[in-house]
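# Results of the structural survey
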Amino acid sequence: MTQMQSPLTADIALAASPRRVPRIDVSNVTSRSLSLLAEHRENASPSDDAETETAVRVRGFSSWYGDFQALHDITVDIPQRQVTALIGPSGCGKSTFLRWVNRMNDLVPSARASGTLDLHGMDVLAGTIDVVDLRRRVGMVFQKPNPFPKSIYDNVAFGPRLHLKIRKPVLDDLVERSLRRAALWDEVKDRLKDSALGLSGGQQQRLCIARAIAAGPEVLLMDEPCSALDPKSTARIEELIAELRDRYTIMIVTHNMQQAARVSDLTAFFFEGWLVESGSTEQIFTKPRNSQTEEYVSGRFG
Amino acid sequence: MPIDRPHELIELRRAIMTMGAAVEQRVNQAVAALMEKDLDAARQVRRSDDEIDRMEVEIEQACLRILALSQPVATDLRMVLAIMRISGVLERVADMARSIAKRAMDLHELQSLDLPASLVNMAAASRSMFADAMQALADREVTLARRVRDADQRVDDLQKEVFAWAQMEIPRHVEWTAAAIDVLSVARKLERIADLCTTIGEEIIFLVEGLVVRHT
């Protein structure tokens, strides 16, 4: 059983290298085409990623707000270090489900749940767990960027200061690393003491991501993180999500199906509190098994 | 895997060029079988088309994935459509090559006649059209694509000459009938290859310029 290594303590190489894109020189077709052919014949077809472990295991999970049952008998495996998109029309329960993973629903007095919701084998619903530590391990980014009314530095340092006893040089390093991983460092490195509220919407959202990362989570929950952003910022965040998935398990609620198609490995379609279908994103968007899924992803309702 | 559109488009172009290379190899072998009586070449082409068929399916699946997951528009979209259609065209060219190789083997066995010059010229022209079509695809070169389309007329004219040859020779050498029929069949296949090259040229023009020239 592989031990989950906290990203905080791992030896970190800054993930700054751009994605490798093979260039093909086809200026001379005859010789180039023959070598392409030779290469094609030599290469075995690429195998899929090695078996993935499950980060969040959900079995027969139901939840209520008072008498209203918001989720019915949800069963799904959220894979580790991949992006899982939760889609479905308004009111389908996807955000409710997301908020149970880090027990944010505890803040709603009438909320209760039953069934199994495990994070790496730990029962998230147990009364005995340290909810504050859970929320460090499972970070969250919200629809509307919500930086604290503090400096950029203090926003990112907040979590580590709360959870860990670390000295300033180490904290400085951690803040920089988190901001780099959130693709924000270059833009703010000369003004870390400035108020976070002075940043643009897209920058604030990346700051919120840096803040979530700084606490060393295993899972990142994102609840429509791009809804309040312009297309360019949205594209930036989507690129960031693709990079972050190497280190973190990501669950993203989105009402934008094209976004789900672009960024996720796995897609789960919710409707009226039921999990109608989940599968690889490619399968959901090319060959959905359920006719309701087909109608939703084709934009016929929702 | 989330979609990385630039990377997947590059891989798609690579895949179609690889398929083109495999088909070009078969076309060349089929022509060699015919003109140089190269039986080894004929046998190689006759061997199963699994590789080509598999490439066609893989390319189609890649196109489907790109369309479903990354919503390409403009040039990217036209490229995906063009490549999807070209892979089908290439598969048909490979089929033609296979048929030609079979006829070449028959002709070798029959040993009765000398191939008419018109057929020899058709073979050379079709082979060269295919090479040009692949070059045009690689470079996205519209001028070359248009030249490929223009070369089709000559192949059609040569096919008429082959027909005329058959009409003249069969009554004079009845023992050549079977072989002459093979010759006519090869001519038809070569003309089909030239046609398919024209289609590739049209797809390249569509890809680059967004013009549909198919029925003009």
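See the structure shown above.
Described in the following lines is the structure provided in the data block. Note that this is a predicted model, so its numbers are computed, not measured.

### Considering the packing of helix α5 (residues 117-139) of chain B against helix α7 (residues 177-209) of chain B
Residues and elements named next belong to chain B. Closest axis-to-axis distance for the α5/α7 pair is 9 Å, and the angle between their directions is 20 degrees. Judged by the angle between their axes, α5 and α7 are roughly parallel. Pair α5 / α7 crosses with left-handed handedness. Across the interface between the two elements, L119, M122, A123, A125, S126, M129, F130, A133, A136 and L137 from α5 touch V183, V186, A187, L190, I193, A194, C197, I200, G201 and I204 from α7. Among the residues forming the contact of α5 with α7, the class breakdown is 18 nonpolar, two polar and no charged.

### Notes on the sheet that holds strand β8 (residues 249-253) of chain A
All names here are of chain A. One open sheet accounts for six strands, arranged β6-β7-β8-β3-β9-β10; its pairing is mixed. This sheet does not close on itself; its edge strands, each paired only once, are β6 (138-141) and β10 (274-280). Averaged over neighbouring strand pairs, the angle between their axes works out to 15 degrees when direction is ignored. When strand β9 (residues 266-271) meets β10, the two strands line up antiparallel, connected through six bridges. Residue pairing for β10: L266 is matched across the bridge by S280. Seen against the sheet, helix α7 (residues 201-214) touches β6 and β7 (219-223) and runs at an angle of roughly 170 degrees to β6.

### A short note on the interface of chain A and chain B
Across the contact, 23 residues belong to chain A and 25 residues belong to chain B. For the side of chain A that touches chain B, the secondary structure elements donating two or more residues are α1 (29-42), α9 (257-263) and α10 (281-286) of chain A. Among the elements that make up the side of chain A that touches chain B, the one with the highest residue count is α1(A) (six residues). Class assignment for the residues of the side of chain A that touches chain B results in 13 nonpolar, six polar and four charged.

### A few points about the pairing of β8(A)
Consecutive side chains along a regular strand alternate between the two faces of the sheet. All names here are of chain A. By the criterion of burial, β8 is predominantly enclosed, with five of the five residues buried. Residue alternation in β8 divides its side chains into two sets, T249, M251 and V253 and I250 and I252, and both sets are buried. In the sheet, β7 pairs with β8 via five bridges, with the strands oriented parallel. Paired with M222 across the bridge in β8 is I252. For the crossover from β7 across helix α8 (residues 231-244) to β8, the handedness is right-handed.

Procedures and definitions
Residues numbered from 1 in each chain as written. Chains lettered and ligands numbered in written order. Predicted model: local features only at pLDDT ≥ 70, side-chain atom pairs only at ≥ 80, totals over all residues. Axes fitted to C-alpha atoms, helices over the stretch in contact; angles between N-to-C directions. Helix = DSSP H or I, 4+ residues; strand = E, 2+ residues; numbered from the N terminus. Parallel < 35°, antiparallel > 145°, perpendicular 65-115°, else oblique. Left-handed = near helix turned anticlockwise from the far one by under 90°. Contact = placed C-beta atoms within 7 Å. Nonpolar A, V, L, I, M, F, W, Y, C, P; charged D, E, K, R; others polar. Pairing = 2+ DSSP bridges. Buried ≥ 20, exposed ≤ 12 C-beta atoms within 10 Å, placed from the backbone. Right-handed = clockwise from strand over helix to strand, strands pointing away.

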